[in-house]
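# Secondary and tertiary structure notes
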Amino acid sequence: MRYVDEYRDPALARSLAAEMRSLVTPGEVVRVMEVCGGHTHAIYRHGLEELLPQEVELVHGPGCPVCVIPMGRVDDAIAIAETDGVTLATFGDMLRVPGGRGSLLEAKARGADVRMVYSPLDALALALAGQEPDRHVCFFAIGFETTAPATAVTLLRARAERVSNFSIFCNHVLIEPPLRAILETPGLRVDAFVGPGHVSSVIGTDAYRFIAEEYGRPVVVSAFEPVDLLQSIAMLLRQLAEGRCEVENQYTRVVRPEGNARAIAAIAETMEPREDFEWRGLGVLPRSALQVREPFAALDAERLFALPGARIEDPKACRCGEVLTGQIKPWECGVFGTACTPERPLGTCMVSSEGACAAFFSYGRLRAPREEAPVGA
Ligand code: SF4
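Please read all numbers here as calculations on a predicted model, not as lab measurements.

What follows concerns the overall build of the chain. Counting secondary structure elements, the chain contains 14 helices and 13 strands. For 377 residues, the compact-globule estimate of 2.2 N^0.38 gives 21 Å, and the C-alpha radius of gyration of the chain, at 21 Å, lies within 12% of that figure. Taken over 377 residues, the chain has a buried fraction of 50%. The contacts in the chain between residues at least 6 apart in sequence include a share of 78% that link residues at least 24 apart.

Take a look at the structure:
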């Protein structure tokens, strides 16, 4: 396949595997967190874990945007969708995420007008189509800094076109606060980080310097193909072997140290950090999410609709929070693959195409692959 083959070259993969073996100390376990759910899926889809030395343990991180949305925000979206004269539009993954009152797909089955779109601009197009000018279209916006620029551009376009039947239910989250929370979790040891590729294309590699400078852990921002990921883990092992602690960039074909200035400016013009935000598994984190700025108030669903705004506990059997913070592996959850499957998800990590539980289930990782040391050891 043109442009992809070189990133899936078996000889390169084997030589990186050999290099990694030379960089570890026998018996000394190194815990590497891949922050991004896209990386988790790539690792298991391509069987990369089998190429790593026994001493490297992968720990899955919080970088799946669908997985971290708490149940209360899903219920808020359902309340919007069930308002007379309202169409709620969102990404396909969000439709199946369970809230306290079921999912958006179930609300749709009850009669709510819920539609799947590929971008916020598609949702704006629904409002602009003019077929039902009295109908309000609300876009349920989720995602890290990766998808926030598209929401920002949509807000700017909606204001420029003076659209009066459109709003954004803003649930964008920021990558730094959950990483700090993980680094400060007592007993949770992470030795190095594979930095997320997509988020970094917006915020740049400099955004992770706090991990190296304040917490003394190396970071390598990685692309998504098999050789990319193996090279990134080898770069981390090399830093550890040489006693270095830096932020390095493996994804140089896309990511810049300073990020994407225009995207960052569009986010800053339209959205601002909210005081706090509830994360699934991490609790309430200060300044960890975005809200629509005052000049765009007429397009802010949180100002236009009366939302329940309730905090809802996850089901007792659900251990998504521990999966999202790397404290357990998906197969350690008692309902993994039984009461919780991709067809009937109990928790968010089984819903999304970036969820760790969905990755483990889809690629047959139903139990411990080898004897693993406890995460906190
Ligand atoms: Fe959550 Fe289901 Fe994974 Fe358990 S198996 S952690 S309930 S998604």
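So, on to the domain arrangement of the chain. For the chain, the assigned domains are domain 1 (1-314) and domain 2 (320-362). Relative to domain 2, the C-alpha centre of domain 1 lies at a distance of 17 Å. Opposite the 27 residues of domain 1 that make contact, domain 2 presents 21 residues. Elements that contribute at least two residues to the side of domain 1 that touches domain 2 include exactly helix H2 (37-45) and strand S2 (56-63). When residues of the side of domain 1 that touches domain 2 are assigned to their parent elements, the largest contribution, five residues, is made by H2. Residues that form the side of domain 1 that touches domain 2 fall into these classes: 15 nonpolar, eight polar and four charged.

Okay, the nonpolar core next. Val32, Ala81, Leu88, Phe169, Ile233 and Cys349 are the most contacted members of the largest nonpolar core, which has 118 residues in total. At nine residues, helix H10 (residues 226-241) tops the list of elements feeding residues into this core. Counting contributing residues per domain, this core is built from domain 1 (1-314) and domain 2 (320-362), each supplying no fewer than three. Discounting residues that sit within four places of it in the chain, isoleucine 233 has contacts with Met20, Val32, Leu52, Val56 and Val194.

Most of strand S3 (residues 86-90) is tucked away: five of the five residues are buried. Residues Val86, Leu88 and Thr90 line one face of S3 and the alternating positions Thr87 and Ala89 line the opposite face, and both faces are buried. Sheet topology note: the S3/strand S5 (residues 136-143) ladder contains four bridges and is parallel. In the strand pairing of S5, alanine 89 is matched with phenylalanine 139. Bridging between S3 and strand S4 (residues 113-116) involves four bridges; their strand directions are parallel.

Quick look at the pairing of strand S12 (residues 283-286) now. Pairing geometry for strand S11 (residues 276-279) and S12, over four bridges, is antiparallel. Looking across to S12, one finds that aspartate 276 is bridged to proline 286. Hairpin geometry of S11 and S12 is characterised by an intervening segment of three residues between the two adjacent antiparallel strands and by a positive phi of about 85° at glycine 281.

Sheet strands pair by backbone hydrogen bonding; their relative direction is either parallel or antiparallel. With parallel pairing, the five strands of this open sheet are ordered in space as S2-S1-S7-S8-S9. The two strands at the open ends of the sheet, each matched to only one other strand, are S2 and strand S9 (247-249). Strand after strand, the sheet turns through a mean of 20° between neighbouring axes, direction not considered.

What follows covers the confidence of the model for the chain. Of all residues in the chain, 95% attain a pLDDT of 70 or more, and the chain-wide mean is 92. The low-confidence segment residues 371-377 (pLDDT under 50) makes nine contacts with residues lying over four places distant or belonging to another chain.

Moving on, we get to the site of the ligand. Around the ligand, the surrounding shell holds 14 residues, and the nearest of these are Cys333, Cys340, Gly347, Met350 and Cys357. Tallied by class, residues from the shell around the ligand come to 12 nonpolar, one polar and one charged.

Let's shift gears to H10. Its 16 residues place the ends of H10 22 Å apart at the C-alpha level, agreeing with the 22 Å of an ideal helix rising 1.5 Å per residue. The buried fraction of H10 amounts to 14 of the 16 residues, a majority that puts the element mostly inside the structure.

Its location among the elements puts threonine 25 in the loop between helix H1 (10-23) and strand S1 (30-36). In this structure threonine 25 comes out as exposed when scored by C-beta crowding, with 11 C-beta atoms within 10 Å. Residues threonine 25 and glutamate 55, spaced 30 residues apart in sequence, show a C-alpha to C-alpha distance of 7.7 Å.

The strand order S4-S3-S5-S6 describes an open sheet built from four strands, whose pairing is parallel. Edge positions in the sheet fall to S4 and strand S6 (166-172), since each of these pairs with one other strand and no more. Sheet twist, expressed as the average angle between the axes of neighbouring strands with direction ignored, equals 20°. Those strands touched by helix H5 (residues 120-128) are S3, S5 and S6, and its axis lies near 175° from that of S5. Docked against the sheet, helix H6 (residues 148-160) engages S5 and S6, running at close to 155° with respect to S6.

Reading the values: the criteria
Residues numbered from 1 in each chain as written. Predicted model: local features only at pLDDT ≥ 70, side-chain atom pairs only at ≥ 80, totals over all residues. Helix = DSSP H or I, 4+ residues; strand = E, 2+ residues; numbered from the N terminus. Rg over C-alpha atoms; globule rule 2.2 N^0.38 Å. Buried ≥ 20, exposed ≤ 12 C-beta atoms within 10 Å, placed from the backbone. Contact = placed C-beta atoms within 7 Å. Domains from an automatic or database assignment. Nonpolar A, V, L, I, M, F, W, Y, C, P; charged D, E, K, R; others polar. Core = buried A, V, L, I, M, F, W, Y, C linked by C-beta atoms within 7 Å. Pairing = 2+ DSSP bridges. Axes fitted to C-alpha atoms, helices over the stretch in contact; angles between N-to-C directions. pLDDT = per-residue confidence, 0-100. Near = placed C-beta within 6 Å. Expected span 1.5 Å × (residues − 1).

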